[in-house]
Every structure is written in structure tokens, then in C-alpha cells.
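# Commentary on secondary and tertiary structure
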Amino acid sequence: MEFLKSFIHGVKSQLAVHLFRARVGHGLFWVSVGFLLLVAGVVVSVNLKNQWNYKTLKPRGQVGLNFKNSIEMIEVGSLVLGHNAGVSAVCSAVASAGSGLLIQSGLPVFTKNVVFSVLLGFLLPLWCLTFAVEGLGAEREGKTLFWLFSKPVPRSSIYVGKFLAILPWVLIWSLGGFFVLAVCAGDCGLFAFKLFWQPIALASVTYASVFFFMGACLPRASLIALAYAFVVETLLGSMPGSLKQLSVAFYARCIMFQKSADLGVVLEQGGGYGDFSETMAICFMMGIALLFLVAGIFFFGKIELRGQR
Amino acid sequence: MGVSSDSAKPDAVPLWCRKVSKWHGNFLGLNDLSLELRPGITALLGSNGSGKSTLMNLISGQLFPDTGSIQVFGIDPWTWQGKKLVGYSPDLDYFYPSWSIKDFLARMACLAGVESKRVPSLLNEILLVVGLSSVQTTLLRRCSLGMRQRAKIAHAILMDPPLLILDEPFRGIDPVGRRDLVQLLLQFQALGKTILVSSHELEEIEKLTDQVVMLRSGRVVSAGPVSRARDRLLNKPVEIALEIQANERIRFLAQSVLSHPEVLGVRLPEGEKHVLMVLTRKPELVFSHLVMMSIENNFLIRRLEVVDEAPAEVMESLFEG
């Protein structure tokens, strides 16, 4: 009971001291800002060309004609075959349905090209590690851990308190960045944001837990976190087969896959994202977050302040 | 002032170390050290690398002993309960540079569990005690070494702990500040606190206490009043190595050296035919005797030195250096 009381006090005091004092302006922060601006610029330029749809894509196995040309051909066909009312009606119906599909194709195109690949595979891990590694990593690097360790509170409360203190920053930065990209993409982007903000938030919490662990328990945590982000999340996460299941992004994609499938939109064929139900994917992500949180509490509790002078 | 601790076991010894060893990689920082402290001020002395800071880090729960155990008022200082009982001013100089002294102490008080409504009055009191009231809004990155040193001492006494561990507290503090700090520590002693102070400022240490613990190579070589330590160390025999060029005369030399009244014994180390080891309590007298003998008997001395660090030299460097 005394431990619990002290633990709660420790968490509360860490929140009181550190909640609104995340360090911005360091190198990684500006790298994150830079990448956000870069990707937002690309998204805006695509939006200006009205290309968030399948108009310029070619149907599988077709050479020469893209979707838009194909539908136009069918429309022309319905006019040419106007003397045959039945065929003309079928052609008109197919052309109308195709046009409708093209208008609605913004969601899968934006999701596949921006959310699945760029955001989940690269930007989100980078944004999360910007704040999560700094949480206790900055105290390690700045050799100020002593000031925390000398307090009469359990080490676990310091770890949990600091983690909770950086979490709002991680979420604001991740969801804020996603929202900026969504706004830049227009209607299809905003629709994707409404549909996918929850898996993005959950992935952010999971990334935060992984990177916070690295910052608290490993030397040169920023480099290790960057290496993890690129090797595991970007490279492994985009590989075919089951290797991608090692990445956090895979489970976020599974949730997105299910959410869009509920609307009748299939985001990516054969990616294995349909193999995990939404509930399973949520459980996996929460499990990873919890695993790293517990591991962090364990290892952080054993840190000795060697070489602090 | 401050918050008194309720986690101490009644009648427990303020500090109890039993057979404590601590390795830093391949270096043995503390070697089978046993120590017990009673209320009052005790000075911790020793040359660099003798294990002072390692011992202080262990007592304050920043390090964990590899073997043996440490108890502070009957509680393991590594635990959070133990941290309530120890106020530690370390010999490190890393702060949050963008915080002011006042912000730093306020946040440390918050983290330590002081109720927020009590923080302002507690800070006023402590800043006054350590002499930082007039500069409390100065950013830590702009503070002088002396100001940061006082901030560390303020941090150590924030929770009014019964055991204070101060690692080099006089470093960087001006003479007036030193006098004030000596007075402050004497006041704490009068309140029944236990204080362990390490310092190279022996003038201040002698004003503070007569009780010293002397460390050497991670071991306690002396504990008790300064006079006893001085006597014990000065009377400890040391060994002198004498190397000459012609080994056939070494036995003659051994017999001649033994005739000197200050020589306690001689030995011929195995495998070193030219070397004679001489045991004495007065190395300076034996040195001149050996030099005279070499001139009279016409043999060439290759080496003449004390083989281990003489306690007398340690004392000299500590008390007269």
C-alpha cells in the first residue's frame, strides 16, 4: 500500500514537472519538421494536379490506356453502338460506374501511397522517436539522472511518469502531422484521417513505448532508434511475406485494411493484412507497447550511475 | 526546516557497511570495506582513486554493492525508502542549464514529495540558509561553480534527511561561504544529524571534526580521531628496495644494514640477485645511512626507493599538502 502511494506520487510529480517541458529545437525535431514539410509539399503538388485517384493508373494487364482513357473509350463505344439499345445501355452503365469509382478512388490511392508507405513506414517512427528517445535519453546524455534517482520514489514511477509526460507530445506531433498531410490532400485525405486516426494514434503509443525504452536503457539511443526505424519499420515493414509482421507498422496497416474493407475498399491485395483481425492487431500493438514498458521499468530499475562525473 | 523522515528504524545505526566491494570494470573501487558511522561529522579522506566517491555513491543508493551490504538507519539505501534518509551532494556538475536556481529547487522539492503549498516557504528558508536568496532567479548555466555548489547543498538538505553525504562541498566556494558552510554543518551536527564529508580542504575539515575515515585502494586504513590515524600511519613500517651493481657484495651489505637501529629487517627477494629489501619505520634515516655506506664501501647503487606508497607520504599529502 505504501509502495502504491509512493508510486502514484512519483508518477504525478514527474507529470507535474515534465509534462509541458518537452525539449523542442534539437536536431531530430528539425529533421522531423523538414520531412513533414517535404512530404506535405509533394502531397499538395499531387492534389493540385487532381491525381488522388486511379485516372492515370492502368488496369492490370493493359498496355497504353489508363483507367480514365478506358472509361472514355467505353463512353464513346456506347455512342457508336447507339443503334443497339441493349449494348449501348450496358456500355453507359459501365462507364457511369467506372466514373463513380474514379471519383471515389482517392481514399485507396492516398492511403496506399501516403499513409501506408510514407507515413507508417517512415514519418511516424521518426516523429515518435523525436520525443520518445529524448524522454529519459536526454537525462542520460545530460548526466542529470542523479537528480531523479535521488528522490524517495520508486524508479518504476519515474519511468512511467516520464513516459506519460512525453506521450501527449508524441500524439500531438503524430496526429498533427497526419492531419497536416490530410488537409494538404483535400477531401480524400480528410476522409482517410477520420477513418485512420485511431490506428495511427495506437501505432504512435507503441512506437513511443519502444523508443522510450531505448532512450532510457541504451547508450547512443538516438542512433539505435533511427537504425530500428529504418531497418525494421521501413525495410522489413515493406517486405513481402511474413517478415513484415516484425514491424509495428504491419499491425497498424492491418487495422486500416479492416476499416477500409468495412467500407468495401480493398487497400492492398496479397499483403497479408487481412490475416489479422482488427482486434488481434490492436492486441498485438498494445502487447508490444506493454512489453517494452515492463522491460523498461525492469532495466531502468537496475541502472547504476557510473561515470557520472 | 524540511520534512523529517519516518522510515528510519528506531535505534538503528546511521550508517552500517559490512564487507562491501564494488568493481568498476576491471578496477576494484571498494575492497571488502566495513564501516560504521555514529551521529556527528565524519571526514572521509583519501587520495584520488581511493574509493571516496564510490563509497558515497553506494551510501546514497546511486550504486549497488557487488558483495556485502549497506544499511542506512537499518534500510537499504538503494530502495526508495532509503532515499528518504540520505541527502547527497555529489561531486558532479551537471544541471538543467535552462532552469533558474529557484525553479530547480522547486521542481526537486516537487519530485521529492513536498506538498506544493509548502514549497515557497521551504525554498525561502533553504535559499537563505545556503546564501542563494539574492541570486535565486539566476539560470543555472550562468551560475558560478560556488553558486552551483551551494545549490547542490540546498538540494541535499531539501528533505531534512538525518544522514548527509557531502562530496567535496567546499570546492569552488569562497572563504566567507566556507565559513558559513562550516557553521551550517556544525548546526546540523548539534541537531543530531550524521554527516559524512569528503574534502581536500583539510583546513576546513579540521574546523569541522576530529573524526576521520581514511581510505586507500578501496580499504579503510584508519578510522577514528585524527591523532590516532596520524600515529598509526606514521608508525607503520615501510619497505625500501636497494639495488646494487655487484651481487657478490649483497650479503655483506645486508649484514651492515641490519646493524642500523632503525632497520627492522631485511630480505633478499627470489630471482633478483642484486636487490635487498629493507624494512623500517624511519625511511629517511635509513636512506642517508645507505648512501653513506655506498660511499664508504665503494659500491654503486642502481636503485633506492620505497616500494609501496608510504603511509607517511599519504598523511603528508593529505594534511600538509
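The rules behind each value
Residues numbered from 1 in each chain as written. Chains lettered and ligands numbered in written order. Predicted model: local features only at pLDDT ≥ 70, side-chain atom pairs only at ≥ 80, totals over all residues. Helix = DSSP H or I, 4+ residues; strand = E, 2+ residues; numbered from the N terminus. Buried ≥ 20, exposed ≤ 12 C-beta atoms within 10 Å, placed from the backbone. Contact = placed C-beta atoms within 7 Å. Nonpolar A, V, L, I, M, F, W, Y, C, P; charged D, E, K, R; others polar. Domains from an automatic or database assignment. Pairing = 2+ DSSP bridges. Axes fitted to C-alpha atoms, helices over the stretch in contact; angles between N-to-C directions. pLDDT = per-residue confidence, 0-100. Expected span 1.5 Å × (residues − 1). Core = buried A, V, L, I, M, F, W, Y, C linked by C-beta atoms within 7 Å. Parallel < 35°, antiparallel > 145°, perpendicular 65-115°, else oblique. Left-handed = near helix turned anticlockwise from the far one by under 90°. Arc of directions from axis to C-beta.

## Thoughts on the overall build of chain B
The number of helices and strands found in chain B is 11 helices and 13 strands. Here chain B holds 321 residues, and the buried ones make up 39% of them. Counting only contacts in chain B whose residues sit at least 6 apart along the sequence, the fraction spanning at least 24 positions is 67%.

## Quick notes on the interface of chain B and chain A
Residue-level contacts link 22 residues of chain B with 22 residues of chain A. No other element matches helix 3 (residues 101-112) of chain B, which puts five residues into the side of chain B that touches chain A. Of the residues assigned to the side of chain B that touches chain A, the class counts are 13 nonpolar, five polar and four charged.

## Structural notes on the domain arrangement of chain B
What the domain assignment reports for chain B is domain 1 (15-232) and domain 2 (236-320). In this structure, domain 1 of chain B and domain 2 of chain B have C-alpha centres spaced 42 Å apart.

## Considerations on the sheet that holds strand 7 (residues 194-198) of chain B
Residue and element names in this part refer to chain B. Spatially, the six strands line up as an open sheet ordered 5-6-7-3-8-9, and their pairing is mixed. Two strands close off the open sheet at either side, each with one partner strand: strand 5 (86-89) and strand 9 (219-225). Strand-to-strand twist in this sheet, taken as the mean axis angle between neighbours without regard to direction, amounts to 15°.

## Quick look at the pairing of strand 2 (residues 27-37) of chain B
Residue and element names in this part refer to chain B. In terms of strand pairing, strand 1 (residues 15-24) meets strand 2 through seven bridges, oriented antiparallel. By the bridge assignment for strand 2, Cys17 is matched with Leu35. Here strand 1 hands over to strand 2 after two residues, with Gly25 in that stretch at a positive phi of 65°.

## Quick notes on the confidence of the model for chain A
With 82% of its residues at a pLDDT of 70 or more, chain A shows a mean pLDDT of 84. Taken element by element, the predicted model of chain A shows its lowest mean pLDDT in helix 4 (residues 85-104) of chain A (65) and its highest in helix 11 (residues 278-300) of chain A (95).

## With respect to helix 11 of chain A
Residue and element names in this part refer to chain A. Its 23 residues give helix 11 an end-to-end C-alpha distance of 33 Å, which sits within 8% of 33 Å, the value for a rise of 1.5 Å per residue. Within helix 11, burial applies to Ala281, Met285, Ala289, Phe292, Leu293, Gly296 and Phe300. Against helix 7 (155-185), helix 8 (187-217) and helix 10 (248-262) lie the buried residues of helix 11.

## Some details on the confidence of the model for chain B
Detailed reading of the predicted coordinates is not advisable wherever pLDDT is low. The pLDDT averaged across chain B works out to 84; a share of 89% of its residues lies at or above 70. With pTM at 0.78, the complex prediction returns an ipTM value of 0.74.

## Quick word on the sheet that holds strand 13 (residues 301-306) of chain B
Residues and elements named next belong to chain B. Spatially, four strands are ordered 11-12-10-13 in an open sheet, and the strand pairing comes out antiparallel. The sheet is open, and its two borders are formed by strand 11 (263-267) and strand 13, each paired with just one other strand. Pairs of neighbouring strands in the sheet enclose a mean axial angle of 20°, with direction left out of account. The pairing of strand 10 (residues 238-244) with strand 13 spans five bridges and is antiparallel. Each residue of the ladder has a partner; that of Ile244, found in strand 13, is Ile301. In this fold helix 9 (residues 250-258) packs onto strand 10, strand 11 and strand 12 (275-280), with an angle of close to 165° to the strand it touches most, strand 11.

## Some thoughts on the environment of A:Ala249
All names here are of chain A. You can see Ala249 is positioned in helix 10. Residue Ala249 is classed as buried on the basis of its C-beta count, with 27 C-beta atoms lying within 10 Å. On a C-alpha basis, the gap between Ala249 and Tyr207 in space is 9.2 Å, while along the polypeptide they are 42 residues apart.

## A few points about the environment of B:Leu264
Its location among the elements puts B:Leu264 in strand 11. Separated by 18 residues in the primary sequence, B:Leu264 and B:Lys282 have C-alpha atoms spaced 9.8 Å apart.

## Structural notes on the nonpolar core
Ranked by internal contacts, the top residues of the largest apolar core, which has 143 residues, are A:Ala132, A:Phe211, A:Ala252, B:Leu105 and B:Ala154. In terms of residue count, the dominant contributor to this core is helix 5 (residues 106-141) of chain A (18 residues). Residues in contact with A:Phe211, not counting those within four places in the same chain, are A:Cys128, A:Leu129, A:Ala132, A:Val133 and A:Ala225. Formed by 12 residues, the second largest nonpolar core is a distinct cluster that contains B:Val263, B:Val278, B:Val286 and B:Leu290.

## So, the pairing of strand 9 of chain B
Residues and elements named next belong to chain B. Bridge count for strand 8 (residues 211-216) against strand 9 is six bridges, and the pairing is antiparallel. Paired with Val212 across the two strands is Gly224, which belongs to strand 9. Between the end of strand 8 and the start of strand 9, which pair antiparallel, lie two residues, with Ser217 showing a positive phi angle near 50°.

## Points about the packing of helix 5 of chain A against helix 10 of chain A
To characterise two packed helices, one gives the angle between the axes of the helices and the distance between these axes. Residues and elements named next belong to chain A. Contact pair helix 5 / helix 10: the axes reach a minimum separation of 11 Å and the direction vectors enclose 165°. In terms of their interaxial angle, helix 5 and helix 10 are classed as roughly antiparallel. Crossing handedness for the pair helix 5 and helix 10: right-handed. Within the contact between the two elements, helix 5 uses Leu107, Thr111, Val115, Phe116, Leu120 and Gly121 and helix 10 uses Ala249, Ala252, Arg253, Met256 and Ser260. Classifying every residue of the contact of helix 5 with helix 10 gives seven nonpolar, three polar and one charged.

## A closer look at helix 1 (residues 2-18) of chain A
With 17 residues, helix 1 of chain A should cover 24 Å at 1.5 Å per step; its first-to-last C-alpha distance of 24 Å lies within 8% of that length. Three or more residues of helix 1 of chain A are buried, namely A:Gly10, A:Val11, A:Ser13, A:Gln14 and A:His18. Buried residues of helix 1 of chain A, seen end-on, are gathered within an arc of 170° and therefore sit on one face of the element. Of the exposed residues in helix 1 of chain A, the ones pointing more than 90 degrees away from its buried face are A:Leu4 and A:Lys5. Of the surrounding elements, those touching the buried residues of helix 1 of chain A are helix 7 of chain A together with helix 3 of chain B.

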